[in-house]
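This is what each chain is made of:
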Amino acid sequence: MSRPVLSPSRALRITTALLAGVGAFAPVVIEPAVAQYVVFDPNNYAQNLLQAARALQQIQNQITSLQNQAQMLINQARNLANLPFSALQQIQRSIQRTQQLLNQTQRIAYDVQSVDRAFQTTYGNASLTASDQQLVAQAKERWQTSVAGLQDAMRVQATVVSNIDTQRTSLNTLVGQSQGATGALQATQAGNQLLALQAQQLTDLTALLAANGRAQALSEAERAAAADQGREQRRRFLAPGTGYQPGNARMFNN
């Protein structure tokens, strides 16, 4: 049995149709563009990593610098902090109280003119023309001045002694504040107040020495004036025509 023979043109049409059918069912493969390929470059990666490490180190340095600046500001704030305790007003009151006592001295004040005037009159040489009553009055005035000087000295002594307890309390507080100072300013202020407290103690000592010296000087001046007055009274007693004349004495109203 013989087969039919296909003509060349028909065979081409059949092949074309078959290829078209196969193309309809075959998957479409899209070849990627050149820009979409991922390429790993080790040198570029190392440079990027190094740059990131350097940036991180810079940030760390900035953080450290900010921490140092913050600590510096904290230290400056501590150094500029004021001392929370002040004994200056109390010291000033104590000095003022002592000064008032010195200004309130009786009879002869701490004044050069007042001293000169008193030694020209009350403590001067006994007057040859003064009466016996005047001499006795002057002696009594000198004695009263000496007693007043002793009283003034004792008042100053009492004030100085009363200041000791207050000074002890202030001293303990200032030493504690100085040891616990948070900065240079607090330590300096505590030291200045300690110096002020020492100045007050020196002021009390000066006032005490002045008051005691004044009282002693008045007592010595009284004795010197009394000796001079005693010589004048003895001279008058021994003067001719003014000697002692005995008289009758009555005792027990008999």
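Higher on the page you've got the structure.
This is a predicted model, so every value here is computed, not measured.

1. Things to note about the overall build of the protein chain
Argument step 1. Counting secondary structure elements, the protein chain contains six helices and zero strands.
Argument step 2. If you list the helices and strands of the protein chain from N to C, you get α-α-α-α-α-α.
Argument step 3. Expressed as a percentage of the 254 residues in the protein chain, the buried residues total 20%.
Argument step 4. For the protein chain, restricting intrachain contacts to residue pairs at least 6 apart in sequence, the fraction spanning at least 24 positions comes to 83%.
Argument step 5. When the accessible surface of the protein chain is split by element, carbon and sulfur atoms take 59% of a total near 19,300 Å².

2. Concerning unusual backbone geometry
Argument step 1. Despite not being glycine, Arg-107 has its phi angle at roughly 65 degrees, a positive value.
Argument step 2. Residue position: Arg-107 is located in the loop between helix H3 (88-103) and helix H4 (112-121).
Argument step 3. Arg-107 sits in the partly exposed class, given a relative accessible area of 46%.

3. Re the pattern of salt bridges
Argument step 1. Evaluated as defined, the whole model comprises seven salt bridges.
Argument step 2. Residue Asp-152 is joined to Arg-214 by a salt bridge in which the shortest nitrogen-to-oxygen separation is 3.1 Å. One end of the pair, Asp-152, is in helix H5 (residues 132-179); the other, Arg-214, is in helix H6 (residues 184-238), with 62 residues separating them in the sequence.
Argument step 3. Judged by relative accessible area, which is 6%, Asp-152 ranks as buried.
Argument step 4. Close ionic contact of Arg-223 with Glu-220 constitutes a salt bridge, the shortest N to O distance being 2.4 Å. On the criterion of helical spacing, the pair formed by Arg-223 and Glu-220 is a turn pair, its members being three residues apart in helix H6.
Argument step 5. Residue class for Glu-220 comes out partly exposed when judged on its relative accessible area of 41%.
Argument step 6. Overlapping salt bridges, with partners in common, bring together Asp-132, Glu-232, Arg-235 and Arg-236 in one network.

4. Thoughts on a nonpolar patch on the surface
Argument step 1. Side chains of Phe-40, Tyr-45 and Leu-49 sit close together on the surface and give an oily, nonpolar patch of about 390 Å² of accessible area.
Argument step 2. Topologically, Phe-40 is positioned in the loop between helix H1 (8-25) and helix H2 (42-79).
Argument step 3. We classify Phe-40 as exposed; its relative accessible area is 63%.

5. Regarding the side chain of Ser-114
Argument step 1. Tracing the backbone through its elements, the reader meets Ser-114 in helix H4.
Argument step 2. For Ser-114, the contacting residues outside a window of four places in its chain are Arg-107, Ile-108 and Ala-109.

6. What about the nonpolar core?
Argument step 1. With nine residues, the main nonpolar core is built from Leu-101, Leu-102, Ala-153, Val-156, Val-160, Ala-207, Leu-208, Ala-211 and Ala-215.
Argument step 2. For this core, the secondary structure elements donating two or more residues are H3, H5 and H6.
Argument step 3. Listed in part, the six residues of the second largest apolar core include Ala-118, Leu-218, Ala-221 and Ala-225.

7. Observations concerning the packing of aromatic side chains
Argument step 1. For the structure shown, the criterion picks out one aromatic pair.
Argument step 2. With a centroid separation of 5.1 Å and an interplanar angle of 25 degrees, the aromatic rings of Phe-119 and Tyr-123 are classed as stacked.
Argument step 3. Taking the relative accessible area as the measure of exposure, Tyr-123 reaches 8% and is therefore buried.
Argument step 4. One cation-aromatic arrangement involves Arg-214 over Tyr-110; the distance from NZ or CZ to the ring centre is 5.5 Å.

8. Some remarks on the packing of H3 against H5
Argument step 1. Running from amino to carboxyl end, H3 crosses H5 at an angle of 175 degrees, the nearest separation of the two axes being 10 Å. When the axes of H3 and H5 are compared, the pair comes out roughly antiparallel. Facing H3, whose interface residues are Gln-90, Ser-94, Arg-97, Thr-98, Leu-101 and Leu-102, H5 presents Arg-155, Val-156, Thr-159, Asn-163, Thr-166 and Ser-170.
Argument step 2. Each residue belonging to the contact of H3 with H5 can be placed in one class, and the counts come to three nonpolar, seven polar and two charged.

9. Here's the deal with the side chain of Glu-232
Argument step 1. As for its position among the elements, Glu-232 is in helix H6.
Argument step 2. The buried category is assigned to Glu-232, whose relative accessible area is 6%.
Argument step 3. A distance of 2.5 Å separates polar atoms of two side chains, one belonging to Glu-232 and the other to Arg-235.
Argument step 4. Reaching out from Glu-232, the side chain makes a polar contact with the side chain of Arg-236 at a distance of 2.9 Å.
Argument step 5. If near-sequence neighbours (up to four positions away) are discounted, Glu-232 is found in contact with Ala-126, Ser-127, Leu-128 and Leu-135.

Calculation rules
Residues numbered from 1 in each chain as written. Predicted model: local features only at pLDDT ≥ 70, side-chain atom pairs only at ≥ 80, totals over all residues. Heavy atoms only, no water. Helix = DSSP H or I, 4+ residues; strand = E, 2+ residues; numbered from the N terminus. Buried < 20%, exposed > 50% of the residue type's maximum accessible area, 1.4 Å probe, protein only. Contact = heavy atoms within 4.5 Å. Areas by Shrake-Rupley, 256 points an atom, 1.4 Å probe, with all protein chains shown as cover. Salt bridge = Lys/Arg side-chain N within 4 Å of Asp/Glu carboxyl O. Patch = residues over 30% accessible without salt bridge, like charges linked within 9 Å, V, L, I, M, F, W, Y side chains within 5 Å. Core = buried A, V, L, I, M, F, W, Y, C linked by side-chain atoms within 4.5 Å. Phe/Tyr/Trp six-rings, centres within 6.5 Å; stacked < 30°, edge-to-face > 60°. Lys NZ or Arg CZ within 6 Å of the ring centre and 35° of its normal. Axes fitted to C-alpha atoms, helices over the stretch in contact; angles between N-to-C directions. Parallel < 35°, antiparallel > 145°, perpendicular 65-115°, else oblique. Nonpolar A, V, L, I, M, F, W, Y, C, P; charged D, E, K, R; others polar. Polar contact = N/O pair within 3.5 Å; in protein donor to acceptor, adjacent residues only side chain to side chain.

Everything listed here is a matter of geometry and, on its own, says nothing about what the molecule does.
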